[in-house]
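One-letter residues, chain by chain:
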Number of protein chains: 2
Amino acid sequence: MRQVAILGIGQIPVREHWHLSLRDLAIHACQAAMLDAGINKVDGIYVGNMTSGRLNQQRHLGALVADFLGQKGVEAVKMEAACGSAGSTMRQGILAVASGEMNAVLVVGVEKMTEAAGSEITAALTGAADADFEVIHGVSFVSLNALVMRRYMHEYGYSQDDFAPFALNAHRNGAKNPNALFRRPISLKEYEAGRAVADPVTLFDASPIGDGAAALLLVPAERAPEAIRVIGSASATDTLGIHDREDPIWLEGATLSAQRAYAQAGMGPEDIDLFELHDAFSIMAALSLEACGFAERGAGVRLAQDGAILPTGKIPIATLGGLKARGHPVGATGLYQLAEATMQLRGEAGEAQIEGARIAMTQNIGGSGATVVTHILQQPKKTGR
Amino acid sequence: MRQVAILGIGQIPVREHWHLSLRDLAIHACQAAMLDAGINKVDGIYVGNMTSGRLNQQRHLGALVADFLGQKGVEAVKMEAACGSAGSTMRQGILAVASGEMNAVLVVGVEKMTEAAGSEITAALTGAADADFEVIHGVSFVSLNALVMRRYMHEYGYSQDDFAPFALNAHRNGAKNPNALFRRPISLKEYEAGRAVADPVTLFDASPIGDGAAALLLVPAERAPEAIRVIGSASATDTLGIHDREDPIWLEGATLSAQRAYAQAGMGPEDIDLFELHDAFSIMAALSLEACGFAERGAGVRLAQDGAILPTGKIPIATLGGLKARGHPVGATGLYQLAEATMQLRGEAGEAQIEGARIAMTQNIGGSGATVVTHILQQPKKTGR
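Residues numbered from 1 in each chain as written. Chains lettered and ligands numbered in written order. Predicted model: local features only at pLDDT ≥ 70, side-chain atom pairs only at ≥ 80, totals over all residues. Heavy atoms only, no water.

Draft legend 1. Seen up close, the overall build of chain A. Across its full length, chain A holds 13 helices and 11 strands. Expected size for 385 residues packed as a compact globule is a radius of gyration near 21 Å; at 19 Å, chain A falls within 12% of this value. Over its C-alpha atoms, taken along the principal directions, chain A stretches across nearly 55 × 50 × 40 Å. Across the 385 residues of chain A, 69% fall into the buried class. If you take every contact in chain A between residues at least 6 apart in sequence, the share linking residues at least 24 apart comes to 77%. A total of about 12300 Å² of accessible surface is found on chain A, and carbon and sulfur atoms cover 51% of it. Separation between the mean location of the 32 positive side-chain charges and that of the 41 negative ones in chain A comes to 5 Å. (Helix = DSSP H or I, 4+ residues; strand = E, 2+ residues; numbered from the N terminus. Rg over C-alpha atoms; globule rule 2.2 N^0.38 Å. Buried < 20%, exposed > 50% of the residue type's maximum accessible area, 1.4 Å probe, protein only. Contact = heavy atoms within 4.5 Å. Areas by Shrake-Rupley, 256 points an atom, 1.4 Å probe, with all protein chains shown as cover. Lys, Arg positive; Asp, Glu negative; His and termini not counted. Charge placed at Lys NZ, Arg CZ, Asp CG, Glu CD.)

Draft legend 2. Quick look at helix α3 (residues 61–68) of chain B. The buried fraction of α3(B) is high, at seven of eight residues. Directly beyond the C-terminal end of α3(B), a positive phi value near 75 degrees is found at G70(B).

Draft legend 3. A look at the relation of the copies chain A and chain B. The two copies are related by a screw operation: chain A maps onto chain B through 180 degrees of rotation and 0.0 Å of translation along the axis, at an RMSD of 0.0 Å. Viewed as a symmetry operation, the transformation between the two copies matches a two-fold axis. Comparing interface residues between copies, 100% of those in chain A also sit at the interface in chain B, which points to an isologous, same-surface contact. (Least-squares fit on C-alpha atoms with pLDDT ≥ 70 in both.)

Draft legend 4. Main features of the environment of E111(A). Residue and element names in this part refer to chain A. If you trace the backbone, E111 turns up in strand β4 (residues 105–111). The exposure class assigned to E111 is buried, which follows from its relative accessible area of 0%. In sequence terms E111 and V14 are 97 residues apart; their C-alpha atoms lie 9.8 Å from each other. Beyond its immediate chain neighbours, meaning those up to four positions away, E111 contacts L25, N49, M50, T51, S52, G210, D211, G212, P329, V330, G331 and A332. At 2.5 Å, the side chain of E111 and the backbone nitrogen of G331 are in polar contact. (Polar contact = N/O pair within 3.5 Å; in protein donor to acceptor, adjacent residues only side chain to side chain.)

Draft legend 5. Region of the structure containing the pattern of salt bridges. With the rule as written, the count across this model stands at 34 salt bridges over all chains. A salt bridge links E101(B) to R91(A); the nearest nitrogen and oxygen atoms lie 2.7 Å apart. Taken as a pair, E101(B) in the loop between α4 (85–98) and β4 (105–111) and R91(A) in helix α4 (residues 85–98) lie in two separate chains rather than in one. Counted as one network, the salt bridges with shared partners bring together R23(A), D130(B) and D132(B). (Salt bridge = Lys/Arg side-chain N within 4 Å of Asp/Glu carboxyl O.)

Draft legend 6. Highlighting the packing of aromatic side chains. On inspection of all chains with the given rule, the structure shows 12 aromatic pairs over all chains. Arranged with centres 6.4 Å apart and planes meeting at 65 degrees, the rings of Y158(B) and F163(B) form a pair that is edge-to-face. Judged on exposure class, the residue Y158(B) and its partner F163(B) are both buried. Among the aromatic residues, those joined into a ring-pair cluster are Y152(A), Y156(A), Y158(A) and F163(A). Sitting over the face of the ring of F68(A), R23(A) holds its NZ or CZ atom 4.5 Å from the ring centroid. (Phe/Tyr/Trp six-rings, centres within 6.5 Å; stacked < 30°, edge-to-face > 60°. Lys NZ or Arg CZ within 6 Å of the ring centre and 35° of its normal.)

Draft legend 7. A look at the interface of chain A and chain B. Taken together, the 59 residues of chain A in the interface contact 59 residues of chain B. Carbon and sulfur atoms supply 47% of the area buried between chain A and chain B, which totals about 4800 Å² over both sides. For the chain A face of the interface with chain B, the top three residues by lost area are R59(A), H60(A) and E80(A), together amounting to 16%. At the surface where chain A touches chain B, the tally comes to 10 salt bridges. (Buried area = accessible area lost by both parts, 1.4 Å probe.)

Draft legend 8. Highlighting the packing of helix α6 (residues 141–156) of chain A against helix α10 (residues 282–291) of chain A. Residues and elements named next belong to chain A. At a minimum axis separation of 10 Å, α6 and α10 run at an interaxial angle of 60 degrees. When the axis of α6 is compared with that of α10, the two are oblique. For the pair α6 and α10, the sense of crossing is left-handed. In contact with N145, V148, M149 and Y152 of α6, α10 contributes I283, M284, A286, L287 and E290. Along the lines of polarity and charge, the residues of the contact of α6 with α10 split into seven nonpolar, one polar and one charged. (Axes fitted to C-alpha atoms, helices over the stretch in contact; angles between N-to-C directions. Parallel < 35°, antiparallel > 145°, perpendicular 65-115°, else oblique. Left-handed = near helix turned anticlockwise from the far one by under 90°. Nonpolar A, V, L, I, M, F, W, Y, C, P; charged D, E, K, R; others polar.)

Draft legend 9. Expanded view of the packing of α4(B) against helix α13 (residues 333–346) of chain B. Residues and elements named next belong to chain B. Running from amino to carboxyl end, α4 crosses α13 at an angle of 65 degrees, the nearest separation of the two axes being 5 Å. Where α4 abuts α13, its residues A86, G87 and M90 lie against T333, G334, L335 and L338. Here the residues of the contact of α4 with α13 sort into four nonpolar, three polar and no charged.

Draft legend 10. Quick look at α6(A). Residues and elements named next belong to chain A. Between its first and last C-alpha, α6 extends 23 Å over 16 residues, near the 22 Å set by a 1.5 Å rise per residue. Within the span of α6, buried status applies to F141, L144, N145, A146, V148, M149, Y152 and M153. Looking at the buried positions of α6, the neighbouring elements they touch are α5 (118–126), β5 (196–198), β6 (201–202), α10 and α11 (300–305). The opening residue of α6, the one whose side-chain oxygen lies 3.3 Å from the backbone nitrogen of V142, is S140. Positive backbone phi, approximately 75 degrees, marks G157, located one or two places after α6. (Expected span 1.5 Å × (residues − 1).)

Draft legend 11. Highlighting the pairing of strand β11 (residues 371–378) of chain B. Residues and elements named next belong to chain B. Burial analysis of β11 places eight of its eight residues in the buried class, the great majority of the element. Burial along β11 is two-sided: T371, V373, H375 and L377 facing one way and V372, T374, I376 and Q378 facing the other are all buried. Here strand β10 (residues 359–366) pairs with β11 via eight bridges, running antiparallel. In the sheet register, G366 faces β11, and the bridge partner there is T371. (Pairing = 2+ DSSP bridges.)

This is how it looks when you write it as structure tokens:
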């Protein structure tokens, strides 16, 4: 299989985009990625989306994007793995290029959520969990995460406030990202005053939804020697329902997914310069850090308290705001993560730049860890010109 | 890229399955395919589905199927391209095996439709069309096809009754298929008495929805010398809206898709022994035959009238009932077509067997021709044992 490179990236700021439709968002992000890559014709388009059938009355997004992007005729399809949709889309785009079947592939994640009624949004999002064995009991997606967080606090003796460093870091970093939904740092006092969304998850432990789209243009690495390379790409599953796991506060799928990606890249957590993880909730950030080998079991929160997740720390996370501050347009998030990691490795992250970043990891999670997609990106070795 | 073979097939009879849930349907079909293949561990699972988020309150089907099939941990994702979802799923499964990334892949299409309210089903299905530029005018998916059929009749001078051979052939063939929803031949008189669904589409010009699932197990052909081979696999798009096409009664996407598949297989329409086409509506059957080179422009209906589509004809279609009689569980249909084509090439089609069938083509269509996925299958040359 051929190595794959990221030749172009495109992002729409995460907002309530009252003036942009679902298709506008997708097309703008794709056009930006194509312009960035200097390519105007692609061989295939993979679209990540979770909720458009219900919230926008629109399915069939592969054909829609191909058509309105002026790429009619190309192969195109939509992929969905709940909030892991965009990461899964990247994975398929990589297979298409790596296999030799295609030479230029657009992967785009798009979500248009803010026009729908709140009850509809909640219903669409709970589709990520098990309808027959979880949702039937009345849980929402937030309350499932609250249950996990509560168990984690009980098991390891943390208090709710111990999770503050995740939110503070994300909002401080998001303030430096023009594409972020929230662009104001928050104080510890503000964090502590956050009202409960589903106890113990407070306002600042939960990421906000939003409208957005992010796209990458993928090509064979041999055709783009100076583009950021994909050196690890892996997807893994865990049980859909949390109650079916031997250990409800351990993300087995994240471990599997990360280990596969590490093996492909021939490296381990110690080699990663920054980690765009899936901080949909503070607890998920902690569990991801543990599952991927950055902290011992139960020590993810302590790692954050020690400052290791800061831009200057050992393993910076949410460097451009993460899901918490950049925002979480669910089926687009995985590609925002990859676009941001690419910016960091290109040295284009502006005020949010992580100094000397050469290797970045991203991890996109669907449901409560039932689908986990991990990618490792590398800056190519500088040629001598 | 490696050649891919179909080592196992599994199908659930299309019915109103009040006693089987969405997950039951998918798992049963997968288990049947794995049993048929003699394989109990797979490397990846691709699930095709169109409406579960809305009709079953369940998304995230990749992880769901992996989990309940006892394959937790494997890579899994759902794909959607309206009624072309299952064909698109097959296409990705082939890429995964052909690339060398995986050695055993399950592709499964599943749809559980009959528990929802009729208005919900109609709303879910219209998501295949353009929400902003078609559906907003009040059209349903049936009425869009009625407009195309009316234009075709006007342009080529056909009457509504001229389309009867498609329904008669499908129902006669479906009577021989235990997995078909409708298992009774119909008479010309019954066809003519069919009430209008959306004029000129009558009851017998429109395929029925249903609950169902179909699965294939794919492996590298080199590991299964006696299994049916995939010698052509191609997907193409057309404009999402019919009004954007230069010619509304020509399926440009089907032409593109078929031509790519023919080129891969190194053959043309004259080499195809049977064609499982997307007869969601009689008009679509006629247009597919024309777009794929089996009839001249405007002559698809005449081809049917001449008997060429019968089991004994030049190009048998809907040999096990097609969408019309086997039923059309939308996101599963493309894999029913492929399972049926495999049965024919294996010589396992029973009373519906097409004598001497060695090469079969399938074509799965999403929307009004906006996504078209074509596959060509071949019986391997007999070894001398």
